[in-house]
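Structure at a glance
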Amino acid sequence: FLNGVASHVFDYDDTHLKTVIHPGGPVISALMAWAELHPVSGREFLNALVVGVEVACRVGNGVYPDHYDAGWHITGTAGVIGAAAAVARLMRLDVQRTVWALGLAASQPVGFRESFGSMNKSFNPGRAASNGLFAAILAQQGYTSSDAMLEARRGWAQTISTKRDYAAMLDGLGQRYEAALNTYKPFACGIVVHPSIDACVQLRAKGIAPEQIERIDLKVHSLVLELTGKKTPADGLQAKFSVYHGCAAGLMVGRAGEDEYEDAFVTRADTVALRAKVRAVVDDRID
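First things first, this report covers the structure right here in the doc. (Residues numbered from 1 in each chain as written. Predicted model: local features only at pLDDT ≥ 70, side-chain atom pairs only at ≥ 80, totals over all residues. Heavy atoms only, no water.)

With respect to the packing of aromatic side chains
Counted by the stated rule, this structure contains four aromatic pairs. With a centroid separation of 5.8 Å and 45 degrees between ring planes, the pair formed by Tyr 64 and Tyr 68 is classed as tilted. The same class applies to Tyr 64 as to Tyr 68, namely buried. Both rings, one in Trp 72 and one in Phe 112, keep their centres 5.0 Å apart while their planes meet at 40 degrees; by these two values the pair is tilted. Within this pair, whereas Trp 72 is found in the loop between helix 4 (66-69) and helix 5 (74-91), its partner Phe 112 is found in the loop between helix 6 (95-106) and helix 7 (120-140), the two being separated by 40 residues in sequence. Seen from the ring of Phe 116, Lys 121 lies directly overhead, with NZ or CZ sitting 5.0 Å from the centre. (Phe/Tyr/Trp six-rings, centres within 6.5 Å; stacked < 30°, edge-to-face > 60°. Buried < 20%, exposed > 50% of the residue type's maximum accessible area, 1.4 Å probe, protein only. Helix = DSSP H or I, 4+ residues; strand = E, 2+ residues; numbered from the N terminus. Lys NZ or Arg CZ within 6 Å of the ring centre and 35° of its normal.)

What follows is the structure in structure tokens.
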């Protein structure tokens, strides 16, 4: 649990852009906890890591975006299944016990998008990691689950999403890797803010200073304002979900790292003043 919280608290996550899942947090956190007590080779660890990331991203493909739009924090709900798959691989569970581990993990979905901007957001990958590890430990000891927990009529996908695309979960399994589409964040905030920050960093590099600015106009995809539309963040955690703050940071200091999401920077008078000059409108022709 602590590994998973720590992985997420700065919002510097790896990100599977197709689903906005941050798979590494739940998966690596569970693997590290198990491997501390049961040492393994680097090859075994990396193999389990790829398995876990692949499973998390593929089950996410099957329900995104409907599941996410409903309000679920997909890093937690898909990540827990990836964490269980990874630990099951490290444990070398047989097929039946691995199926039970996935079913037990699917029975423990965690996290809602309402938590974004609070400590609760980091709780979600933390609990996904510990729930996934717990599922694998139970399965290792013979604790059973349905063999069809993911796809059954009253199972995981049917219950938490109006979209169920099982081909997206399974097609090309072993030939094409969703894990290869996983990437990283250069800025310590919600990834949909990154293009706006990058634009402001580039403007600053061209010599534009905050005191010269009368207004900043942004055109953004609707998800940017839905996820990061906090105009007046009160602290650093809220600011991670403010495209307005991200732009201010990019123009003021040319970056948006941990320091720019400290409470003291977020509440500084000059930060607040520049942030208030940012206006954003939706244009869904933008990716």
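Notes on the nonpolar core
Counting 77 residues, the largest nonpolar core has Leu 31, Tyr 68, Ile 81, Val 87, Trp 156, Ile 197 and Leu 218 as its most contacted members. Excluding its chain neighbours within four sequence positions, the residues that come into contact with Leu 218 are Ser 196, Val 243, Cys 247, Val 278, Arg 279, Ala 280 and Val 281. (Core = buried A, V, L, I, M, F, W, Y, C linked by side-chain atoms within 4.5 Å. Contact = heavy atoms within 4.5 Å.)

Quick notes on the pattern of salt bridges
Applying the stated criterion across every chain yields a total of 13 salt bridges. For Glu 178, the salt bridge identified is with Lys 18, shortest N-O distance 3.1 Å. Residue Glu 178 is found in the loop between helix 9 (166-170) and strand 2 (182-183), and its partner Lys 18 is found in the loop between strand 1 (15-16) and helix 2 (24-37); the two are separated by 160 residues along the sequence. Because the salt bridges share partners, they merge into one network encompassing Asp 11, Asp 13, Lys 121 and Lys 185. (Salt bridge = Lys/Arg side-chain N within 4 Å of Asp/Glu carboxyl O.)

Describing a negative patch on the surface
Negative charge collects at one region of the surface, where Glu 258, Asp 259, Glu 262 and Asp 263 lie side by side. Tracing the sequence through the fold places Glu 258 in the loop between helix 13 (243-253) and helix 14 (263-266). (Patch = residues over 30% accessible without salt bridge, like charges linked within 9 Å, V, L, I, M, F, W, Y side chains within 5 Å. Areas by Shrake-Rupley, 256 points an atom, 1.4 Å probe, with all protein chains shown as cover. Lys, Arg positive; Asp, Glu negative; His and termini not counted. Charge placed at Lys NZ, Arg CZ, Asp CG, Glu CD.)

Focus: a nonpolar patch on the surface
On the surface, Phe 1, Leu 2 and Phe 123 cluster together into a nonpolar patch covering about 300 Å² of accessible area. Within the secondary structure layout, Phe 1 lies in the segment before helix 1 (2-8).

Section: the pairing of strand 3 (residues 216-220)
Side-chain alternation along strand 3 places Ile 216, Leu 218 and Val 220 on a buried face and Asp 217 and Lys 219 on a face that remains uncovered. Pairing of strand 3 with strand 4 (residues 278-282), which is carried by five bridges, proceeds in the parallel orientation. From the neighbouring strand, Val 220 faces strand 4, where its bridge partner is Val 282. (Pairing = 2+ DSSP bridges.)

Some words on the state of the cysteines
All chains considered together, the criterion is met by zero disulfides. You can see Cys 247 has no disulfide; the closest cysteine sulfur is in Cys 200, sitting 3.7 Å from it. Look at Cys 247 and you get buried, because its relative accessible area is 0%. (Disulfide = S-S within 2.5 Å.)

Some points on the packing of helix 6 against helix 7
Helix packing geometry: the angle between the two helix axes and the distance between the axes. At a closest axis distance of 8 Å, the pairing of helix 6 and helix 7 adopts a crossing angle of 140 degrees. Taken together, the axes of helix 6 and helix 7 lie oblique to each other. Judged by the twist between their axes, the crossing of helix 6 over helix 7 is right-handed. Only Ala 135, Ala 136, Leu 138, Ala 139 and Gln 140 of helix 7 make contact with helix 6, whose side of the interface consists of Arg 97, Trp 100, Ala 101, Leu 104 and Ala 105. Looking at the contact of helix 6 with helix 7 residue by residue, the classes come out as eight nonpolar, one polar and one charged. (Axes fitted to C-alpha atoms, helices over the stretch in contact; angles between N-to-C directions. Parallel < 35°, antiparallel > 145°, perpendicular 65-115°, else oblique. Left-handed = near helix turned anticlockwise from the far one by under 90°. Nonpolar A, V, L, I, M, F, W, Y, C, P; charged D, E, K, R; others polar.)

Quick look at helix 13
Of all eleven residues making up helix 13, ten are buried, and the element is well covered by its neighbours. Of the positions making up helix 13, those classed as buried are Val 243, Tyr 244, His 245, Gly 246, Cys 247, Ala 248, Ala 249, Gly 250, Leu 251 and Met 252. The positive-phi residue at the C-terminal boundary of helix 13 is Gly 254, with phi of around 75 degrees.

A word on the environment of Asp 263
With respect to the element layout, Asp 263 can be found in helix 14. On the basis of relative accessible area, Asp 263 is assigned to the partly exposed category, the value being 44%. Ignoring sequence-local partners within four residues, the contact set of Asp 263 consists of Asp 235 and Gly 236.

A short note on the side chain of Ser 196
Secondary-structure assignment places Ser 196 in helix 10 (residues 194-205). Relative accessible area serves as the criterion here: at 8%, Ser 196 is assigned to the buried category. Residue contacts for Ser 196: discarding those within four places in its chain leaves Leu 218, Val 220, Val 243 and Cys 247.

Section: unusual backbone geometry
Put simply, Tyr 64 and Pro 65 share a cis peptide bond, and its omega is 5 degrees. By the element assignment, Pro 65 lies in the loop between helix 3 (42-63) and helix 4. In the Ramachandran plot, Val 20 falls in the positive-phi region, its phi being about 50 degrees despite a non-glycine side chain. Mapped onto the elements of the fold, Val 20 is located in the loop between strand 1 and helix 2. For Val 20, a relative accessible area of 12% gives the class buried. The phi dihedral of Arg 92 falls on the positive side, at around 60 degrees, and the residue is not glycine. Of note, Arg 92 is situated in the loop between helix 5 and helix 6.

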